[in-house]
Amino acid sequence: MIVVLDFGSQYNQLIARKVRQLKVYSEIVPFNISVKALRAMKPEGIILSGGPANIYAPGSPRLNPEVLEMGVPVLGICYGMQAIAVAMGGVVEHSEKREYGHQIIENTARDLLWKGIPARHRVWMSHGDKVSKLPAGFKIIAATDACPAAMRHAARPIFGVQFHPEVHHTTHGDNILRNFALGVCKAKANWRMKDFVERTVEDLREKVGSRRVVCAVSGGVDSTVLAALLHRAVGGQLVPILVDNGVLRLDEAREVKQRLAREGVKIRLVNASAQFLRKLRGVTKPERKRRIIGREFIRVFFKHLGPGDLLAQGTLYPDVIESVSTKGPSATIKTHHNRVKEVLNLIEQGRVLEPLKELFKDEVREVGKTLGLSKEVLWRHPFPGPGLAVRILGEITPSRLRMLRQADAIFVEEMKKSNVYCDIWQGFSVLLPVKAVGVMGDERTYEHVLALRAVESVDGMTADWFKMPYDVLVRVSNRIINEVKGINRVVYDVSSKPPSTIEWE
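What you see is a predicted model; the values in this text were computed from it and never measured.

Engineer: What exactly am I supposed to notice about the overall build of the protein chain here?
Structural biologist: For the protein chain, the count of helices and strands is 15 helices and 18 strands. The C-alpha atoms of the protein chain give a radius of gyration of 24 Å, which matches the 23 Å a tight globule of 505 residues would have. Going through the 505 residues of the protein chain one by one, you find that 59% of them count as buried. Long-range pairs, those at least 24 residues apart, make up 74% of the contacts in the protein chain between residues at least 6 apart in sequence.

This is the structure in structure tokens:
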């Protein structure tokens, strides 16, 4: 096992996921876990995550120096490197030259951490502080013009890197983590997704006992895998429910019910569209939309949730880390429907099951494959819990819903026809809150603008815009403008994450 101490980074689970890709089990724990509890986990290595704080600020998270005395290899990433420096007597100061995004670093010393990596390589930086004075016994093993990019203890396996090897943008990041986990820590690559499924099924049976489990399903990858996992664990105790919240895609409720039936999961369909749309009338702010949908979702579910029942959600790690930190002091990015107050109250009562919450989308697909789910289900593009409400920028009206549903159906159909659908992490349409002048049939029009968004990603934490073939864009644009009344202009989003998010709201 490689243990990740969570100092609040948005990427901390990405570290664990990258280690698990090496077939080494990894688990995240709070940065202030007791040394006794940490020793009991018997880690072969420890990784300190990054974090949003300034380590010299009052009340900032600090590393217990005893962790460095355990005799276990340690790798500090970004804030984690600074935490090591401070814990061992070094100095961290604000840097006059901040580094965000791509940087080229140069290895200044040969080291096992750099095995198979060129002397100059590209990394992803995100920091405004730097280690200005190394602790005693440490040496710099890589640098940029602005700061030490990596350090290590001369005699002990304690390392620090100022960059983020866990993100996709660090060219040799996977090799660096491999060198640490398999080379320095000498961990064995013997963990499989099958192990996760078997352990999770056992845990679910123990937690559920004889109680019912009310499971929220949407037909997406996450909730379908969740339902299949719960069905394997508790069988007839599972009550899967699909809520039609009025902001689903074209014919989605009917198709989801049929699709899940083919997977052996029979769901209850609850049509609450009028209730949701009434609450959303006149609302334009995205955070308010999310909160309204979250509240209504809970109200609907409470009608089906008995006092002894459990609520199951297909929450993934990106949902958790962007809304509420569960292990460390991370920053909130946006509210998710599965982290509203009512759900948090149920979590405190121990009545919420989220067996996928430490996984990323590609890992969930692996779980689904292990459970025998079809490719049609496993490669369906992600769809947000608030649905089309956060893909209609501005007010949600029946006419705007109609336009977006029809346009999005055309986009998805053309992606599939062109055999690019499975190359894309997420592709969808966004109805913008602006109108544009156009000419149709020799007449002036003043109608809506639609944005197309398609991205490539491994885990959803970072993403690049998909280089859609021009002929596909031409067909999609022509069809939407000709077939969807009310839209006269189509644009394509070419921004990446970061700095943009995948969804517009």
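Having seen it, we continue.
Engineer: How do you make sense of the nonpolar core when you look at a structure like this?
Structural biologist: In a soluble, globular protein the nonpolar side chains are often hidden away together inside. Ranked by internal contacts, the top residues of the largest apolar core, which has 50 residues, are Phe 301, Met 415, Leu 450, Leu 452, Met 468, Ile 480 and Ile 487. Excluding its chain neighbours within four sequence positions, the residues that come into contact with Met 415 are His 381, Val 420, Tyr 421, Ile 424, Gly 427 and Met 468.

Engineer: What exactly am I supposed to notice about unusual backbone geometry here?
Structural biologist: Backbone phi values are negative for most residues with the exception of glycine, while trans is the configuration of most peptide bonds. Here the residue pair Lys 497 and Pro 498 is connected by a cis peptide bond, since its omega of -15 degrees sits within 30 degrees of zero. Considering the arrangement of structural elements, one finds Pro 498 in the segment after strand E18 (487-492). Residue Pro 499 is reached from Pro 498 by a cis peptide bond, and omega for that bond is 10 degrees. With respect to the helices and strands, the residue Pro 499 is situated in the segment after E18.

Engineer: Quick question: what am I supposed to make of the sheet that holds strand E12 (residues 268-271) here?
Structural biologist: Consider a sheet: its strands pair through backbone hydrogen bonds, and that pairing is either parallel or antiparallel. With respect to topology, 5 strands assemble into an open sheet ordered E12-E11-E10-E13-E14, the strand pairing being parallel. The open sheet has two edge strands with one neighbour each: E12 and strand E14 (352-353). Strand direction decides the pairing type here: strand E10 (residues 213-216) and strand E13 (residues 310-312), joined by 3 bridges, are parallel. For Cys 215, the partnering residue across the bridge sits in E13 and is Ala 312.

Engineer: Please clarify how the sheet that holds strand E3 (residues 45-48) should be interpreted in this entry.
Structural biologist: Taken together, the 9 strands give an open sheet; going across it, the order is E2-E1-E3-E4-E9-E8-E7-E5-E6, and neighbouring strands pair in mixed fashion. Because the sheet does not close on itself, it has two edges, and the strands there are strand E2 (26-30) and strand E6 (120-133). Neighbour-to-neighbour, the strand axes of the sheet open up by a mean angle of 20 degrees, direction not taken into account. Judged from the 4 bridges that link them, strand E1 (residues 2-6) and E3 form a sheet pairing that is parallel. Bridging across to E3, Val 3 finds its partner in Ile 46. Contacting E1, E2, E3 and strand E4 (74-77), helix H1 (residues 12-21) crosses the sheet at an angle of about 155 degrees to E2.

Engineer: Sorry if this is basic, but what is going on with the packing of aromatic side chains here?
Structural biologist: What characterises a pair of aromatic rings is the spacing of the ring centres plus the angle enclosed by the ring planes. For the coordinates displayed, the defined rule picks out 5 aromatic pairs. With centroids separated by 5.6 Å and ring planes inclined at 50 degrees, the aromatic side chains of Tyr 25 and Trp 191 adopt a geometry described as tilted. Linking Tyr 25 in the loop between H1 and E2 with Trp 191 in the loop between helix H4 (173-184) and helix H5 (193-208), this pair joins segments that are 166 residues apart in sequence. The class of Trp 191 is buried, set by a relative accessible area of 10%. With a centroid separation of 6.3 Å and an interplanar angle of 75 degrees, the aromatic rings of Trp 465 and Tyr 492 are classed as edge-to-face. Separated by 27 residues along the polypeptide, Trp 465 in strand E17 (residues 464-465) and Tyr 492 in strand E18 bring together distant segments of the chain. In this arrangement the basic side chain of Arg 365 is found over the ring face of Trp 425, its NZ or CZ atom lying 5.8 Å from the centre.

Engineer: Explanation requested: the environment of Pro 433 in the structure shown.
Structural biologist: Here Pro 433 is to be found in strand E15 (residues 426-440). Note: C-alpha distance between Pro 433 and Leu 346 (87 residues apart in sequence) is 37 Å. Each residue touching Pro 433, except ones within four places of it in the same chain, is listed here: Leu 393 and Arg 400.

Engineer: I would appreciate a short explanation of a negative patch on the surface in the present structure.
Structural biologist: Among the surface-exposed residues, Glu 198, Glu 202, Asp 203 and Glu 206 lie close enough to one another that they form a single negatively charged patch. Counting through the fold element by element, Glu 202 comes out in helix H5.

Engineer: How should helix H15 (residues 470-483) be read in this particular structure?
Structural biologist: Every α-helix carries 3.6 residues per turn, so stepping three or four residues along brings you back to the same face. Here H15 is 14 residues long and its end C-alpha atoms lie 20 Å apart, about the 20 Å a rise of 1.5 Å per residue gives. Residues Val 472, Leu 473, Val 476, Ser 477, Arg 479 and Ile 480 constitute the buried set of H15. Projected down its long axis, H15 shows its buried positions confined to an angular sector of 170 degrees, all on one face. Exposed residues pointing more than 90 degrees away from the buried face of H15 are listed as Tyr 470 and Asn 482. Where H15 is buried, its residues contact helix H14 (398-417), strand E16 (443-456) and E18.

Parameters at a glance
Residues numbered from 1 in each chain as written. Predicted model: local features only at pLDDT ≥ 70, side-chain atom pairs only at ≥ 80, totals over all residues. Heavy atoms only, no water. Helix = DSSP H or I, 4+ residues; strand = E, 2+ residues; numbered from the N terminus. Rg over C-alpha atoms; globule rule 2.2 N^0.38 Å. Buried < 20%, exposed > 50% of the residue type's maximum accessible area, 1.4 Å probe, protein only. Contact = heavy atoms within 4.5 Å. Core = buried A, V, L, I, M, F, W, Y, C linked by side-chain atoms within 4.5 Å. Pairing = 2+ DSSP bridges. Axes fitted to C-alpha atoms, helices over the stretch in contact; angles between N-to-C directions. Phe/Tyr/Trp six-rings, centres within 6.5 Å; stacked < 30°, edge-to-face > 60°. Lys NZ or Arg CZ within 6 Å of the ring centre and 35° of its normal. Patch = residues over 30% accessible without salt bridge, like charges linked within 9 Å, V, L, I, M, F, W, Y side chains within 5 Å. Areas by Shrake-Rupley, 256 points an atom, 1.4 Å probe, with all protein chains shown as cover. Salt bridge = Lys/Arg side-chain N within 4 Å of Asp/Glu carboxyl O. Lys, Arg positive; Asp, Glu negative; His and termini not counted. Charge placed at Lys NZ, Arg CZ, Asp CG, Glu CD. Expected span 1.5 Å × (residues − 1). Arc of directions from axis to C-beta.

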